[in-house]
Amino acid sequence: MAPRKRSDEVELYNRLTLLRTERGMSRQELADAVGVHYQTIGYLERGEYSPSATLALRLAAVFGLPMEAVFSLTPFRTLSEQVYGTKEP
């Protein structure tokens, strides 16, 4: 059963799927790297669960990025929007 988000919890956006697949990592490999169950990675990627600060820092460290490059309170802009300044069709 997936962890439930509280109704008062703020939406947390992440780039975990993108970063993990860019590096050719499976959910299991990422989970092993940060010490959680592979299903937790799936819950995080789908936004069904928000990580603790400790877990968020561990995840960011695996990718060699600051936490704010992996997690955000606002949706991340798409690559085309960042490069070309327009939204995807």
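Residues numbered from 1 in each chain as written. Predicted model: local features only at pLDDT ≥ 70, side-chain atom pairs only at ≥ 80, totals over all residues. Heavy atoms only, no water.

Some thoughts on the overall build of the protein
Helices and strands together make up the secondary structure of the protein, namely six helices and two strands. For the protein, the sequential pattern of α-helices and β-strands runs β-α-α-α-α-α-β-α. For the protein, the residues scored as buried account for 30% of the 89 residues in total. Counting contacts in the protein only where the partners sit at least 6 residues apart, residues at least 24 apart contribute 57% of the total. (Helix = DSSP H or I, 4+ residues; strand = E, 2+ residues; numbered from the N terminus. Buried < 20%, exposed > 50% of the residue type's maximum accessible area, 1.4 Å probe, protein only. Contact = heavy atoms within 4.5 Å.)

Quick word on helix 4 (residues 53-63)
Listed as buried for helix 4 are Leu-55, Ala-56, Leu-59, Ala-60 and Phe-63. When helix 4 is viewed along its axis, its buried side chains cluster within an angular range of 135 degrees and face the same direction. Exposed side of helix 4, more than 90 degrees from the buried face: Ala-53 and Ala-61 are the residues found there. At its buried positions, helix 4 is contacted by helix 1 (16-22), helix 2 (27-34), helix 3 (38-45), helix 5 (67-70) and strand 2 (71-72). Once helix 4 finishes, Gly-64 follows within two positions and takes phi at roughly 65 degrees, a positive value. (Arc of directions from axis to C-beta.)

Some details on the packing of helix 2 against helix 3
Across the interface, helix 2 lies against helix 3 with an axial gap of 8 Å and an inter-helix angle of 105 degrees. Judged on the interaxial angle alone, helix 3 and helix 2 are roughly perpendicular. Here Arg-27, Gln-28, Leu-30, Ala-31 and Val-34 of helix 2 lie close against helix 3, whose contacting residues are Tyr-38, Ile-41, Gly-42 and Glu-45. Here the contact of helix 2 with helix 3 is composed, by residue class, of five nonpolar, two polar and two charged. (Axes fitted to C-alpha atoms, helices over the stretch in contact; angles between N-to-C directions. Parallel < 35°, antiparallel > 145°, perpendicular 65-115°, else oblique. Nonpolar A, V, L, I, M, F, W, Y, C, P; charged D, E, K, R; others polar.)

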